[in-house]
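Close look at the chain arrangement
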Amino acid sequence: MSNHHLIETTKAFVKETLKDAEGGHDWFHIERVYNNALLISKNEKADKLVVKLGALLHDIADSKFHNGDSTIGPKIAGAFLLKQNVDSATINHVIKIIENISYSSNIEKPSNFKSLELDVVQDADRLDALGAIGIARTFNYGGFKDRVIYNPDIKPNLEMSKAEYKASTAPTINHFYEKLLLLKDKMNTKTGKQIAKKRHDYMVDFLKQFYAEWEGEK
């Protein structure tokens, strides 16, 4: 199977698998991450096939929607790639990307697995949590989980463990401080850092406007 055919087959598989997914983790999220990864990888000497497959399959079974089970995604991705006769080295690399890409998986201790391809896909995924899209996804997920938008009496928890982070029911605004505003300084690549800075600043401006309106200022 040619690489082009493999990518097209993978896209079709992901679209079908995520057809009923929550709006912030659906095919359109995957497509944006895929495009971000292609943009970033233009300036990096990364394995483009691994980057493409990693981006397409990184959220095939997000643990947030599978009772916190982070093993399902890698299993589904591995089985799919094996069925497509992808070589074992590529399959293992893509699985490692899926296992290590998430923010929560790196809270308590950074992963021992390192690769340029993981750096690229992780940056691409994190960019989609920033800026206007990031704001929209955050409130969409907050609504999906029936969270309040904001409660001044509930302060952000900046010292959460991985378990606390994954179980959090805090107001949506708190998520900006507990994750989103921290991403700018966690980007891996030069291109990722440049784009993240612009999107970060947009979120800071949004929060200023939000608090002004909350207090009834003109």
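See the structure shown above.
Residues numbered from 1 in each chain as written. Predicted model: local features only at pLDDT ≥ 70, side-chain atom pairs only at ≥ 80, totals over all residues. Heavy atoms only, no water.

1. Side note on the packing of aromatic side chains
The criterion, for reference: Any two rings among Phe, Tyr and Trp, with Trp reduced to its six-membered ring, count as a pair given centres within 6.5 Å; such a pair is stacked if its planes are under 30 degrees apart, edge-to-face if over 60, and tilted if neither. We count a stretch as a helix when DSSP gives it H or I for four or more residues in a row; a strand needs E for two or more, and each element gets its number in order from the N terminus. Remark: exposure states derive from per-residue accessible area (1.4 Å probe, protein chains only) relative to the maximum for the residue type, with buried under 20%, exposed over 50%, and partly exposed in between.
Counting across every chain of the model gives eleven aromatic pairs. When the centroid spacing of 6.0 Å and the interplanar angle of 50° are considered together, the rings of Phe139 and Phe176 count as tilted. One end of the pair, Phe139, is in helix H7 (residues 131–144); the other, Phe176, is in helix H9 (residues 172–178), with 37 residues separating them in the sequence. The partly exposed category is assigned to Phe139, whose relative accessible area is 23%. Looking at Phe176, the relative accessible area reads 0%, which means it is buried.

2. Re unusual backbone geometry
Phi at Asn85 is positive, roughly 60°, even though this residue is not glycine. Here Asn85 is to be found in the loop between helix H4 (72–83) and helix H5 (88–100). Phi angles above zero are rare outside glycine, and Asp146 is one such case at about 60°.

3. Overview of the pattern of salt bridges
Should their charged atoms come close, side chains of opposite charge can pair. Definition in use: Salt bridge, as used here: a side-chain nitrogen of Lys or Arg that lies within 4 Å of a carboxyl oxygen of Asp or Glu.
Under the counting rule described, the total for this entry stands at six salt bridges. One salt bridge connects Arg137 with Asp128, and the closest N-O pair in it is separated by 3.6 Å. By relative accessible area, Asp128 is classed as buried at 1%. Notably, a salt bridge pairs Asp201 with Lys197, separated by 2.7 Å at the nearest N-O pair. Placement of both Asp201 and Lys197 in helix H10 (residues 190–214) is noted, with a separation of four residues, approximately one turn of the helix. Take Asp201: its relative accessible area is 32%, and that puts it in the partly exposed class. You can call Lys197 partly exposed: its relative accessible area is 42%. Here the salt bridges do not stand alone but share partners, grouping Arg32, Asp128 and Arg137 into one network.

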